[in-house]
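# Structural features, examined
Spelled out, the chains give:
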Protein chains: 2
Amino acid sequence: MSRVYNFSAGPATLPEEVLAEARDQLLDYSASGMSILESSHRGAEFKAIHAEAISNLRDLLGVGEDHEILLLQGGATLQFAMVPLNLLAPGAVADYALSGAWAAKAFKEASSVGTVRAAADCSADRPARMPQSAELDLTPGAAYLHITTNETISGAQWHELPTPEAPLIADMSSDILSHPIDANAFDLIFAGAQKNLGPSGVTLVVIRRALMDRVPDSVPPMLRYRTHAEAGSMYNTPPCFGIYLLMLVTRWLKGLGGVDAIAERNRAKATKLYSAIDTTDYFTGSAAIDCRSEMNVTFRLPSEELEAKFVAEAAAAGMKGLKGHRSVGGIRASIYNACPPEAVDALVSFMADFERRNG
Amino acid sequence: MSRVYNFSAGPATLPEEVLAEARDQLLDYSASGMSILESSHRGAEFKAIHAEAISNLRDLLGVGEDHEILLLQGGATLQFAMVPLNLLAPGAVADYALSGAWAAKAFKEASSVGTVRAAADCSADRPARMPQSAELDLTPGAAYLHITTNETISGAQWHELPTPEAPLIADMSSDILSHPIDANAFDLIFAGAQKNLGPSGVTLVVIRRALMDRVPDSVPPMLRYRTHAEAGSMYNTPPCFGIYLLMLVTRWLKGLGGVDAIAERNRAKATKLYSAIDTTDYFTGSAAIDCRSEMNVTFRLPSEELEAKFVAEAAAAGMKGLKGHRSVGGIRASIYNACPPEAVDALVSFMADFERRNG
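Residues numbered from 1 in each chain as written. Chains lettered and ligands numbered in written order. Predicted model: local features only at pLDDT ≥ 70, side-chain atom pairs only at ≥ 80, totals over all residues. Heavy atoms only, no water.

### Points about the packing of helix 7 (residues 258-278) of chain A against helix 9 (residues 341-358) of chain A
Axis angle and axis distance: for two packed helices, these are the angle between their axes and the distance between the axes, and together they describe the pair. All names here are of chain A. Here is the rule: Only C-alpha atoms enter the line fits that serve as axes; for helices the fit covers just the stretch in contact. Angles between N-to-C directions range over 0 to 180 degrees. To qualify as a helix, a DSSP run of H or I must reach at least 4 residues; to qualify as a strand, a run of E must reach at least 2; elements of each kind are numbered from the N terminus. Under this scheme an angle from 65 to 115 degrees is roughly perpendicular, one under 35 degrees roughly parallel, and one over 145 degrees roughly antiparallel; angles in between are oblique. Whether two residues touch is decided by their heavy atoms; if any such pair falls within 4.5 Å, the residues are in contact. Amino acid classes used here: Ala, Val, Leu, Ile, Met, Phe, Trp, Tyr, Cys and Pro are nonpolar; Asp, Glu, Lys and Arg are charged; the rest, including Gly, are polar.
Viewed as axis vectors pointing N to C, helix 7 and helix 9 meet at an angle of 5°, and their least axial separation amounts to 10 Å. Taken as axis vectors, helix 7 and helix 9 run roughly parallel relative to one another. Across the interface between the two elements, R265, K269, K272, L273, A276 and I277 from helix 7 touch P341, V344, D345, L347, V348 and M351 from helix 9. Along the lines of polarity and charge, the residues of the contact of helix 7 with helix 9 split into eight nonpolar, no polar and four charged.

### Brief notes about the pattern of salt bridges
Residues and elements named next belong to chain A. Here is the rule: For this document, the term salt bridge refers to a Lys or Arg side-chain nitrogen within 4 Å of an Asp or Glu carboxyl oxygen.
On inspection of all chains with the given rule, the structure shows 48 salt bridges over all chains. Ionic pairing is found between E230 and R226, a salt bridge with its closest N-O pair at 3.5 Å. Placement of both E230 and R226 in helix 5 (residues 225-230) is noted, with a separation of four residues, approximately one turn of the helix. Taking the shortest distance from any N to any O, the salt bridge between K309 and E313 comes out at 3.9 Å. Taken as a pair, K309 and E313 lie in helix 8 (residues 304-316) at a separation of four residues, close to a single helical turn. Through salt bridges with shared partners, a single network forms among K309, E313, D353, R356 and R357.

### Examining the sheet that holds strand 12 (residues 296-300) of chain B
All names here are of chain B. Using the following cut-off: A pair of strands is labelled paired if DSSP reports no fewer than 2 bridges between them.
Judged by pairing direction, the sheet is antiparallel, and its three strands sit side by side in the order 11-12-14 without closing on themselves. Two strands bound the open sheet, and with one partner strand each, they are strand 11 (284-285) and strand 14 (331-334). When strand 11 meets strand 12, the two strands line up antiparallel, connected through two bridges. Counterpart to G285 in the pairing with strand 12 is F299.

### A word on the interface of chain B and chain A
To be explicit about the condition: Accessible area that two parts lose when put together, with a 1.4 Å probe and added across both, is what the buried area reports. Pairs of N or O atoms are called polar contacts if they sit within 3.5 Å, as long as, within protein, a hydrogen donor faces a hydrogen acceptor (for residues adjacent in sequence, only side-chain-to-side-chain pairs).
Counting from both sides, the interface comprises 62 residues of chain B and, opposite them, 62 residues of chain A. Between chain B and chain A, roughly 5,000 Å² of surface is buried when both sides are summed, and carbon and sulfur atoms account for 60% of that area. Together, L27, L37 and E38 of chain B form the three largest contributors to the area buried by chain B at its contact with chain A, with a combined 14%. Taken together, chain B and chain A are joined by two salt bridges. E38 of chain A is paired through a salt bridge with R3 of chain B; the nearest N and O atoms lie 2.9 Å apart. Our enumeration of links across chain B and chain A arrives at 30 residue pairs in polar contact (both at pLDDT 80 or more). Residue assignment for the side of chain B that touches chain A shows that the elements contributing at least two residues are helix 1 (16-24), helix 3 (75-87), helix 4 (101-113) and helix 6 (240-256) of chain B. When grouped by side-chain class, the residues that make up the side of chain B that touches chain A number 28 nonpolar, 22 polar and 12 charged.

### Let's talk about the domain arrangement of chain A
Residue and element names in this part refer to chain A. Just so we agree on the cut-off: Delimitation of the domains relies on an automatic or database domain assignment.
By domain assignment, chain A separates into domain 1 (16-255) and domain 2 (258-358). One C-alpha centre belongs to domain 1, the other to domain 2; they are set 27 Å apart. Facing the 28 residues of domain 1 at the interface are 26 residues of domain 2. For the pairing of domain 1 and domain 2, the buried interface totals around 2,000 Å² over both sides, and the portion due to carbon and sulfur atoms is 56%. Where domain 1 touches domain 2, the interface holds zero salt bridges. Put simply, domain 1 and domain 2 have 14 residue pairs in polar contact (both at pLDDT 80 or more) between them. Considering each element in turn, the side of domain 1 that touches domain 2 owes the most residues, three residues, to helix 6 (residues 240-256). Counted by class, the side of domain 1 that touches domain 2 contains 11 nonpolar, 11 polar and six charged residues.

Here's what the structure looks like:
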């Protein structure tokens, strides 16, 4: 068996030790005589996993008891709908910072539910960037401001977060737990697991408890945050195996030294890769320098033909998933928490070699 | 490693060969150099898995091209909400056959969305039973009739299905693909995977295409069947690993000879277990004889103390998950497709032995 370096944007690479542990326990979890895939979500084994997952998340995020931590299904996309269903009452207005494809998808879902407004729109700007806090045109008395902390497709990331008067809601799918944030400053954080937390099929929601009371009667219980909070995320059968892997990933992250330690490692990886881009005119970064993402590094080569060749040759050399999103083209290296520094070293070497051969 | 016989109601036992294959590929799927847990849902490996899952399901269910097959998240519980959001227009009425805990949960979700009516209610009947088609009080022009084909908690199952004029919608979570049905006669079938199809976190939806057009504008795209149908169940990142296991389970089922073959095996298992219950007064079946479930066999012992002892001693003897649901007590043996006949043989022997020692 030979594992490649996987730069996919998500589902994304997982720590090899996490996969190895899951494999070793796949037919018999913790001497229970059954796989965790087959275990009742009400049984002692899964309950302990679930509790450790929540506890590790609370610890790593540093959120207090004013916030509820939920593990749900449906991905960030279901959150794009649940947020307005729960928090955008008739007559109210919600502000959205339109920063790219993911913010646009959130905006579209919410516009079916109620009145939404673009507080900024830099989706079409090239190089790609995030709105600056100062340019946000906020609605007085808005139900909330929705931001997308990292745009995986364009490769832009918020580095200085806004502090609106309205509740602040953030889609952190692609940079959660990658660097320290003040999670208590957010009213609602959500994240699909498949970039920094585990496999696809699990969604993390961190919600200020006081925010759970405003829901219209017409919203079914299954789509209310309060329902899931009151049931300890067990209102319906949870995605058990995904939560098990999320627990192992958070345990792995704590073992590495937590968010501060991974942030240092992430910064070093991103710096090395952006330096490789900036030291030659052969490569061009796709995002504005002050908005560059530490998670998704996007860049161009002199032609689309060379980009296709780059992707193919990199894959042959054991570096997969480097093709940019079909909507923007180019190259994208996703270097989430679980991407080892050696993967970036290998990519940087390959880039220099590719330029030498094709420059 | 020693695997037990697992009688859990769901998440439930999976075929050992499916688990073994998943384990062997867990760090490197099909020589791709990465786990399927880490593979892009747009990549060749996962696309082939997804296509085979849909194709196997279409084949095993015997549904034609008038029906769309979707693989979603959120379990049957999200379907309890999506069904009325998509199909219960303002001013219309939906009929529900209240047969137990699961039908009640569906009814409750729908009652937030629109006008719902109980076409029958035998939830409180003991022994547990299903409504008979003749006793259904159907609303003329109803938006649909919702039934629950098998109630896992009470252990009752529909054996003769109704044929209403209104669209027929069935929650088949706990008996899908366990015996032949005319799937084309249903307008919408849904099922959480964690009983007969795979692990928790995947939901099967089989919907008549003509039914997808009636949705009010206020329903967010993520909650519309049409959205998922148009995107081939890839509107958002799917629960990839669960779909992979579902594909392996459907492949396993086809290898066994398909639904007819498993139905014969299921019938034999259920007959053997109900015979063991009926040949002595020591055990009492909880469901009416003509409504007995072939998936969840529920019965009582002479006292709750003996039931607790039975569950504990069975677990010690390698038979787990036999405790009845907390809301009804007693014993429940869930004997889904993947439960091997040997498990039922072992349980029947244990029952005779237990009676001898405690009769």
